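Chain by chain, the residues run as shown.
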Amino acid sequence: MQKQHKLDVEKREKNCLEESMKEERRSFVKKTLGASALVAAGSAIPVMASSANSSVSSSNGVVVGKSPKKEILYKETAQWEAFYKASY
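As the structure is a prediction and not an experimental result, all values here were calculated from the model.

**Observations concerning the overall build of the protein**
No. 1: Across its full length, the protein carries two helices and zero strands.
No. 2: Going through the 88 residues of the protein one by one, you find that 0% of them count as buried.
No. 3: For the protein, the computed accessible surface area is about 8800 Å², with 62% contributed by carbon and sulfur atoms.

**Quick word on the packing of aromatic side chains**
No. 1: On inspection of all chains with the given rule, the structure shows three aromatic pairs.
No. 2: Ring geometry for Trp 80 versus Tyr 84: centroids 5.5 Å apart, planes at 25 degrees, classification stacked. Placement of both Trp 80 and Tyr 84 in helix α2 (residues 78-87) is noted, with a separation of four residues, approximately one turn of the helix.
No. 3: Through a chain of ring-to-ring contacts, the aromatic side chains of Trp 80, Phe 83 and Tyr 84 assemble into a single cluster.

**A few points about a nonpolar patch on the surface**
No. 1: There is a patch of nonpolar side chains on the surface, built from Leu 73, Tyr 74, Trp 80, Phe 83, Tyr 84 and Tyr 88 and spanning about 760 Å² of accessible area.
No. 2: Note that Tyr 88 resides in the segment after α2.

So, how was this worked out
Residues numbered from 1 in each chain as written. Predicted model: local features only at pLDDT ≥ 70, side-chain atom pairs only at ≥ 80, totals over all residues. Heavy atoms only, no water. Helix = DSSP H or I, 4+ residues; strand = E, 2+ residues; numbered from the N terminus. Buried < 20%, exposed > 50% of the residue type's maximum accessible area, 1.4 Å probe, protein only. Areas by Shrake-Rupley, 256 points an atom, 1.4 Å probe, with all protein chains shown as cover. Phe/Tyr/Trp six-rings, centres within 6.5 Å; stacked < 30°, edge-to-face > 60°. Patch = residues over 30% accessible without salt bridge, like charges linked within 9 Å, V, L, I, M, F, W, Y side chains within 5 Å. Salt bridge = Lys/Arg side-chain N within 4 Å of Asp/Glu carboxyl O.

Scope: geometric values only; no functional claims are made or implied.
Right, here's the structure in full:
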């Protein structure tokens, strides 16, 4: 009888340990899914914002304006000449 009681206690301890491990796994999965949902939601916001802007302007990301100023991309200076000579 005492042997049977000892086996029952061991079974209960084993079941309790298994239940606590299951509970730890469940809480880990809940936390992981919650964090991944936040990341997914956070990354969806910029995508939606950029898609809203791209539907308005179809210039492939090039800003188009009505400024009277001339755009200067290159000015010939001694520093540029030295840079280009060094790069060849």
